[in-house]
Amino acid sequence: MTKGNINVSVENIFPLIKKFLYSDHEIFLRELISNATDATLKLKHLTNIGEAKVEYGDPKIEVTIDKEGKKLHIIDQGLGMTAEEVEKYINQVAFSGAEEFLDKYKDSAKDSGIIGHFGLGFYSAFMVAEKVEIITKSFKDEPAAHWTCDGSPEFTLEPSDKTERGTEIILHIAEDSTEFLEESKISELLLKYNKFMPVSIKFGTKEINDPDHEPATTKDAEGKETTEPHRKITVDNIINNPNPAWTKQPADLKEEDYTGFYRELYPMQFEEPLFNIHLNVDYPFNLTGILYFPKMSNDMQMQKDKIQLYQNQVFVTDNVEGIVPEFLTMLRGVIDSPDIPLNVSRSYLQADGAVKKISSYITRKVADKLKSLFNSNREDFEAKWNDIKIVIEYGMLSEEKFFEKADAFALYPTVDGKYYTYEELFNKIKASQTDKDGKLVILYASDKEAQHSYIESAKAKDYEVLLLDSPIISHLIQKLESTKENITFARVDGDHINNLIKKDETTISKLDEEQTKSLDELLKEVIPSDKFTVQLEAMDSNESPFTITQPEFMRRMKEMQATGGGGMNMFGNMPEMYNLVVNTNSELVSEILDTKTKKKQERLITQSLDLARLSQGLLKGEELTNFIKRSYEMIK
Ligand code: ADP
Ligand code: MG
C-alpha cells in the first residue's frame, strides 16, 4: 500500500471545494458520469483503432445507492486506470486542475452564471462525500488499484482484486448531503443532466410485460372469457437516450422524428411545435442542435429559458443568454457545442469571438429557414404567422442582420385577412395612400372590434388597413419609419381619415365664420378641456357628428414606454388625452346651433359626447349609469 499526500499548495482544499458554489453541489454527479462516459468512449476508440485488444461489447454505466452504507456507486466499463495512472491523473493532473480552477474562481463564485458548471471535475465529488474510493482495473493487463481519500490531502493507494475492466467510484455521502442517497433525487439529476448522454446509464431495474409472452384467453362453461395476466420480466432501467435526434444527420430524420424528439424534450408540453430548424456546422466552430418554433403567445418573458445547452450530449444549462440572440430565446430545443467556453462569466462570453460567430450563425439559419418556409408554402406560412410573428418582429427590432433578411418573409396582415410582404404592400398602396406631400401613409388598426368604425371610414376610401397587434409593434413601426424612405404609420383612430392621409381636395364647411366661432365656444364650455381637445372639421354630412381620436405620437410613445422603453417615464405619467373631432357639416351640429335655450344645447352636446365615448369604450362607472338613465328619460 502506498500512502502519500496529494501535491497541495493550499493546506486543505476540500473544505474549500465544499463551500464552493454551495447551491450547485448536485453537479458532482454529472461530472462523475461524464468521466465514466469519457472512459467508455475512449475505450471504444482504442478498440476501433486496434490499440485495445479487448471486446468492447455493449458497455453501460451503472449508478447504485447503498442507503444503509450511505454510499453512492458509479460504475463504468470503460478503459479503467492502472495504479500509475491513478497516481498521475487523479493525484496530480485532476488535482492541480481543481486547484487552479478554485484559485481562479473562488472570488467570483457569486457570478452564479455558468461558472462552476465545468472544470472542477473529479474532485467535485468532495462537495457531497466525506470519503471517496476509486476501484479501477485498466483494460491493460495490470492489477486493479484501490484509491481512497477522506477529504484531507492524504490518500492511500493499494492493489485491489477487482477483475472486470472499468472503474467504480464510491462516494461516502457526508451527513449534510444525504439527499443524494434518495432514489428520487438521483433519478431527477440523471434525467436533468444525463438524459441524452452517449453511453447507456442504468439506474436500478424495472418491470415490463414480457414481449415474448402472449397472455392466453380461456372460456369458462358460461362462455365468459378471462385473459391471464401479462408475464412480467425485470429489465435494466436505462434512463437515457444515447442517440438523440440532434446527433443525427438531417437527411436521416423524418418529420415524425423531430416531433417525437420534441416530446422527449418537453414531455409536459402537449402542443405540437410549428416547425423546426436543424443546426449542423463543423466549421469554423462545432455546433449541432434542433430549434423549434412553438406557438407563441404575446407574453415574451414567459417563454424564455426553454432552450437547453449541451456539450457533447452533457446538459449544461437552460439559460442560453449570450449564446443565442435574445429574440431566439423564445424558441425551444437543444444546442450542443464543445466550442462554447463555459467556465467563464457571462460578460466574457458575450465578448468571445467564437460565441459571437455562433450567435450570428444561428440567426442566419433561422432567417434562411423562415425564408424557405415562406417560399415553399406561403399559404401555410401565412396560417402560422400569428403564432410566430412575435419572434420575427422582435428579431427585426434587435438584430440588424435579421431585419435586413426579414424583408423576404415578414408579413403585414390586413384587417381583411390578406398578407403582404413589405414590398407587396408598398406597390399596392403607393398610388392611393400617398399624401399631398408625397409621404406614404400606412394605415393600421390594433383591434378590429374596438376600432371598427375607423376601419370602415378608411375602407370607404378604398384604403388598406393593416392589423398590427403585437405588444412591441410600436417599436417596430418606429424602426420601419426610420429605415424605409418617406413613410409613416398611422393608426386609424389617430384622427379623421381625411387628416390621416391629407389630399388636396377639401370639403367646404356649411358654417360661416361667426357660426364656427360660437360653436367652438359652446363646445368648450361643455367639454372638459383636461380630457378632450376639440377639433372642428368640415366632413361629409353623413359622417359621424362626434368622433374621439387619440393622436398617434403620444399614444405610440406611451405604448413604447410600457413595453420596454426603459429609463425615464416621460409619457407614462401623462393623463390620457383625446381629440374630439366635431363634424361641422353634420345635421346634429346644425341642430345644436339652431337650438334656442342654452340648457338644451348643453344637453345635446353632453349626450353626443357620451355617445362618442361609449363607442370607444371610454364611458364607465357613474358616468355610464347617468348616461343610461338620461337616455331612458329621453325615449319615454
Ligand atoms: P477531466 O475529465 O476534465 O480530465 P477530471 O478531474 O474529471 O478531469 O478527471 C481527471 C482524470 O481522471 C480524467 O482525465 C481521467 O484520466 C481520469 N478519470 C476520471 N474518472 C475516470 C474513470 N471513470 N475512468 C477512467 N479514468 C478516469
Ligand atoms: Mg471530468
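Small disclaimer: the values here were computed from a predicted structure and weren't measured.

## Things to note about the overall build of the chain
Within the chain one finds 18 helices and 24 strands. For the chain, the proportion of its 636 residues judged to be buried stands at 48%. Intrachain contacts of the chain at a sequence separation of at least 6 include 71% that bridge at least 24 residues. On the chain, roughly 32,300 Å² of surface is accessible, and the fraction owed to carbon and sulfur atoms is 49%.

## Comments concerning the packing of helix H16 (residues 587-594) against helix H17 (residues 598-615)
As a packed pair, H16 and H17 sit with axes 8 Å apart at the nearest point and diverge in direction by 155°. On the basis of their axis angle, the class for H16 and H17 is roughly antiparallel. Two packed elements cross with a definite hand, and for H16 against H17 that hand is left-handed. Between H16, through Leu588, Glu591, Ile592 and Leu593, and H17, the contact on the second element is made entirely by Gln601, Leu604, Ile605 and Ser608. Its residues assigned to classes, the contact of H16 with H17 comprises five nonpolar, two polar and one charged.

## Here's the deal with the confidence of the model for the chain
For the chain, per-residue confidence averages 88 on the pLDDT scale, and residues scoring 70 or more make up 90% of the total. Low confidence marks residues 109-117, where pLDDT is under 50. Its contacts with residues over four positions away, or in another chain, come to 27 contacts.

## A short note on the site of ligand 1
Around ligand 1 lies a shell formed by Asn35, Ala39, Asp76, Met81, Tyr89, Ile90, Ala94, Gly121, Phe122 and Thr167. In the environment of ligand 1, a nitrogen atom lies 2.9 Å from a nitrogen or oxygen atom belonging to the side chain of Asp76. At a separation of 3.3 Å, a nitrogen atom of ligand 1 approaches a polar side-chain atom of Thr167. Every element with two or more residues in the shell around ligand 1 is listed here: helix H2 (27-48) and helix H3 (83-105). Sorting elements by how many residues they give to the shell around ligand 1 places H3 first, with three residues.

## Some details on unusual backbone geometry
Note the cis peptide between Tyr283 and Pro284, where omega equals 0°. Following the sequence through the fold, Pro284 ends up in the loop between strand E12 (275-281) and strand E13 (287-293). Non-glycine residue Asn312 carries a positive phi angle of around 45°. The topology assignment puts Asn312 in the loop between strand E14 (307-311) and strand E15 (314-317). Phi at Asn486 takes a positive value of approximately 50°, unusual for a residue other than glycine.

## Section: the side chain of Thr595
As for its position among the elements, Thr595 is in the loop between H16 and H17. Assessed through its relative accessible area of 16%, Thr595 is described here as buried. Among the polar contacts made by the side chain of Thr595, one reaches the main-chain carbonyl oxygen of Glu591 at a distance of 2.7 Å. In this structure Thr595 touches Lys600, Gln601 and Leu604, once residues within four positions along its chain are discounted.

## A word on the sheet that holds strand E8 (residues 201-209)
The nine strands lie next to each other as E1-E6-E5-E4-E7-E3-E2-E8-E11, forming an open sheet whose pairing is mixed. Looking along the sheet, the strands with just one partner apiece sit at the ends: strand E1 (2-5) and strand E11 (232-238). For this sheet the average axis-to-axis angle between neighbouring strands, irrespective of direction, equals 25°. Strand direction decides the pairing type here: strand E4 (residues 129-137) and strand E7 (residues 166-173), joined by eight bridges, are antiparallel. What sits directly across from Val132, in E7, is Leu171. Its contacts with the sheet put helix H4 (residues 183-193) on strand E2 (61-66), strand E3 (71-75) and E8, and the angle it makes with E8 is roughly 105°.

## Remarks on the nonpolar core
Membership of the largest hydrophobic core comes to 61 residues, with the highest contact counts inside it found for Phe293, Ile362, Leu370 and Phe402. Both of domain 2 (245-375) and domain 3 (411-505) provide at least three residues apiece to this core. Beyond its immediate chain neighbours, meaning those up to four positions away, Phe402 contacts Phe327, Thr363, Val366, Ala367, Leu370, Ile392, Gly395, Met396 and Phe409. The next biggest cluster of nonpolar side chains, apart from the first, holds 58 residues, and it includes Val63, Phe155, Phe203 and Val314.

## Examining the sheet that holds strand E24 (residues 578-583)
The sheet built from three strands is open, its strands ordered E22-E24-E23 with mixed pairing. Looking along the sheet, the strands with just one partner apiece sit at the ends: strand E22 (532-537) and strand E23 (546-549). Along the sheet, successive strands turn relative to each other by an average axial angle of 25°, direction set aside. In terms of strand pairing, E22 meets E24 through six bridges, oriented parallel. Among the inter-strand pairings, Glu537 is bridged to a residue of E24, identified as Asn583. Sheet strands touched by H17: E22, E23 and E24. Its angle to E23, the strand with the most contacts, is close to 45°.

Conventions and cut-offs
Here, residues in each chain are numbered from 1, in the same order as that chain's written sequence. A letter from A marks each chain and a number from 1 marks each ligand, given out in the order of writing. For a predicted model such as this one, the threshold for reporting local features is a pLDDT of at least 70, and the threshold for listing and counting side-chain atom pairs is 80 or more; totals across whole chains, interfaces and linings nevertheless cover every residue. Side-chain descriptors were evaluated using all non-hydrogen atoms of the structure, hydrogens and water having been removed beforehand. Comment: elements are numbered from the N terminus, with helices defined as DSSP H or I runs of at least four residues and strands as E runs of at least two. Residue burial is assigned from relative accessible area. The probe radius is 1.4 Å, only protein chains are included, and a residue is buried under 20% of its type maximum, exposed over 50%, and partly exposed in between. Every residue pair with non-hydrogen atoms within 4.5 Å of one another is taken to be in contact. Only the protein chains shown count as cover for residues, and the accessible areas themselves come from Shrake-Rupley with a 1.4 Å probe. An axis is simply a line fitted to the C-alpha atoms; with a helix, the fit covers only the stretch in contact. Between two such axes, the angle follows the N-to-C directions and lies from 0 to 180 degrees. An angle below 35 degrees is read as roughly parallel, one above 145 as roughly antiparallel, one from 65 to 115 as roughly perpendicular, and any other as oblique. Note: crossing handedness is left-handed where the near helix turns anticlockwise from the far helix by less than a right angle, and right-handed where it turns clockwise. Under the scheme applied, nonpolar residues are Ala, Val, Leu, Ile, Met, Phe, Trp, Tyr, Cys and Pro; charged residues are Asp, Glu, Lys and Arg; polar residues are all the others, including Gly. On a scale of 0 to 100, pLDDT captures the predictor's confidence in every residue. Near, as used in this document, describes a residue that has one of its heavy atoms within 4 Å of the molecule or strand being considered. In protein, a polar contact means a hydrogen-donor-capable atom and an acceptor-capable atom, both N or O and within 3.5 Å, with residues adjacent in sequence counting only if both atoms are side-chain atoms; elsewhere, any N or O pair within 3.5 Å suffices. Two strands pair under a simple rule: DSSP has to find at least two bridges between them. Among buried residues, the Ala, Val, Leu, Ile, Met, Phe, Trp, Tyr and Cys ones that are joined through side-chain atoms within 4.5 Å form a nonpolar core. What fixes the domain bounds is an automatic or database domain assignment.

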